[in-house]
Amino acid sequence: MGIMRGKRAVTAPIFASVLSVFIAGCATSANSAVPEPIPSISTASSSAPPPPPTRLASNVPLKRLAPGEKPPQFILFSFDGVGVSKNWDLFLRTAAESDARFTALMTGLYFLTDAKKRQYRGPGYKPGEAAIAFGGSKKDVIEEIRYLNRTWYDGHEMGTHFVGHFCAGTKNPGKSWTSAEWRHELAQFFRLMTQWRELNGIRTGPDLAFGPEAVKGTRTQCLEGSMKALFPALRAFDMMWDSSMPASRPGVYWPTKINGIWEFPVPYVWSPALKQRQTALDYNFWYSVNKATDRPADRARIAKVVTSTYDYMLRRAYAGNRAPLVIANHLNTWNANAFNPATAAFMRRACTKPDVICATHQDVIAWMELQDPAVLKEWRSMAPVAVDAHR
């Protein structure tokens, strides 16, 4: 179930921080109790800067359901790595059009310029070693910050995809890490996230609009790592959820809280186009179609596999157990950008359906924890859906 990541591309703009200035004036006549008119001030001197942006509110109504009442159909879109890409623009635009929220899982390398890569040291590695590219130039890092800010203000969730991307085949892959090594990697991530200005010597551009307290969820590199090693490290950093572990059974089913961490596995479901069960993640779709070979002629076929699988998952869950759908993706342009337009089309189509809410993990957790535990237990006991071609 390995997942490879491509190098990041770079583009586009967004917010600058603003400082609000208020000037008031008052004049009175020495010979009269009636105030004199306040003289007009030129437009140039009176125009105030625009107010700072406000973060878009949650789209999840925090309502405790009655026994027998159907839950909404939640869909959880998430994107691993989030390096600057035209596909980031695509999903920000599509989410805005369909009142969707998604989760951006940040890779810590993108907070560091190539010149300052030695500021990162992965567990068991030398300073500056990593399995994928760093953040590029100072201009590139500033652009990454602008995109992250735009994503945050648009109401989306910020999570972590850790830092070095050490998967199977590297000298110390994440699947072999101890809890201490996972804690080390998380400490490195938050150091890069909070000290990116000082570490890179960057004095221009916007500040990051959110802090470590916003980051409550994770997906490990290549879905590697064990709950036994990873979850104690997550608790040490006050995390709430993870979406890395292999699905414990086929199909779509309600998530479970394990040792204090909500686990949202990437589902292993029936794919009508492939006529087989499939881990529903873009790289895994690609591998099933053509062994992850960059073959533009397969673009239409890949798009059909992606959309038919997601549509099938939604149809079965919506009519069945209403378990949240986990849609895991990247912003890469793999195989002539076969995946992202197809996933965006599904977002646009699905998130506007009645009783469907495309939400963040944190908001779905808040909603679940508000429910009667007995009702939640009943939903969790329902059979998985999208297990095969008939259920």
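For the structure itself, consult the block above.
A brief look at the structure comes next. Computed from a predicted model, the values in this text were never measured in an experiment.

Our focus in this paragraph is the packing of helix α8 (residues 299-319) against helix α10 (residues 340-350). Contact geometry of α8 with α10 gives a least axis separation of 9 Å together with a crossing angle of 30 degrees. Taken together, α8 and α10 sit at an angle that is classed as roughly parallel. Crossing handedness for the pair α8 and α10: right-handed. Mapping the contact onto sequence places Arg299, Ala303, Val306, Thr307, Tyr310, Asp311 and Leu314 in α8 and Pro341, Ala342, Thr343, Phe346, Arg349 and Ala350 in α10. Looking at the contact of α8 with α10 residue by residue, the classes come out as eight nonpolar, two polar and three charged.

This part takes up the nonpolar core. One finds Ile75, Phe77, Met106 and Phe111 to be the most contacted residues of the largest nonpolar core, which totals 113 residues. Of the residues forming this core, the biggest block, eight residues, is contributed by α8. Excluding residues that lie within four positions of it along the chain, Phe77 makes contacts with Phe102, Thr103, Ile327, Thr343, Phe346, Met347, Cys351 and Cys358.

What follows is about the environment of Arg322. With respect to the helices and strands, Arg322 occurs in the loop between α8 and β10 (325-330). Look at Arg322 and you get buried, because its relative accessible area is 5%. Residues Arg322 and Gln73 lie 249 residues apart in sequence; the distance between their C-alpha atoms is 5.3 Å. The residues touching Arg322, leaving out its near neighbours within four places in the chain, are Lys70, Pro71, Pro72, Gln73, Trp254, Ala317 and Asp355. Within the structure, Arg322 has its side chain in polar contact with the backbone oxygen of Pro71 (distance 2.6 Å).

One pass over the structure, following the stated rule, counts 23 aromatic pairs. Each ring, one from Phe111 and one from Phe189, has its centre 6.3 Å from the other, and the planes form 75 degrees; the classification is edge-to-face. Highlighted residues: Phe111 in the loop between β2 (102-106) and α3 (138-153) and Phe189 in helix α4 (residues 179-194), separated in sequence by 78 residues. The ring centre of Trp152 lies 3.6 Å from the NZ or CZ of Arg55, which sits over that ring. The side chain of Arg322 reaches across the aromatic face of Tyr318, ending 4.3 Å from its centre.

Here we come to the pattern of salt bridges. Enumeration according to the criterion identifies twelve salt bridges in this entry. Between Arg219 and Asp80 there is a salt bridge, with its nearest N and O atoms 2.7 Å apart. A residue pair is termed long-range when its members are at least 10 positions apart, and Arg219 in the loop between β4 (217-218) and α6 (227-236) and Asp80 in strand β1 (residues 73-81) qualify at 139 residues. The same class applies to Arg219 as to Asp80, namely buried. One salt bridge in this structure joins Asp298 and Arg295, with 3.2 Å as the shortest N-O distance. A relative accessible area of 14% means that Asp298 is categorised as buried. Accessibility expressed as a relative area gives 38% for Arg295, which makes it partly exposed.

Procedures and definitions
Residues numbered from 1 in each chain as written. Predicted model: local features only at pLDDT ≥ 70, side-chain atom pairs only at ≥ 80, totals over all residues. Heavy atoms only, no water. Axes fitted to C-alpha atoms, helices over the stretch in contact; angles between N-to-C directions. Helix = DSSP H or I, 4+ residues; strand = E, 2+ residues; numbered from the N terminus. Parallel < 35°, antiparallel > 145°, perpendicular 65-115°, else oblique. Left-handed = near helix turned anticlockwise from the far one by under 90°. Contact = heavy atoms within 4.5 Å. Nonpolar A, V, L, I, M, F, W, Y, C, P; charged D, E, K, R; others polar. Core = buried A, V, L, I, M, F, W, Y, C linked by side-chain atoms within 4.5 Å. Buried < 20%, exposed > 50% of the residue type's maximum accessible area, 1.4 Å probe, protein only. Polar contact = N/O pair within 3.5 Å; in protein donor to acceptor, adjacent residues only side chain to side chain. Phe/Tyr/Trp six-rings, centres within 6.5 Å; stacked < 30°, edge-to-face > 60°. Lys NZ or Arg CZ within 6 Å of the ring centre and 35° of its normal. Salt bridge = Lys/Arg side-chain N within 4 Å of Asp/Glu carboxyl O.

Note that all results are geometric; they support no functional claim without further evidence.
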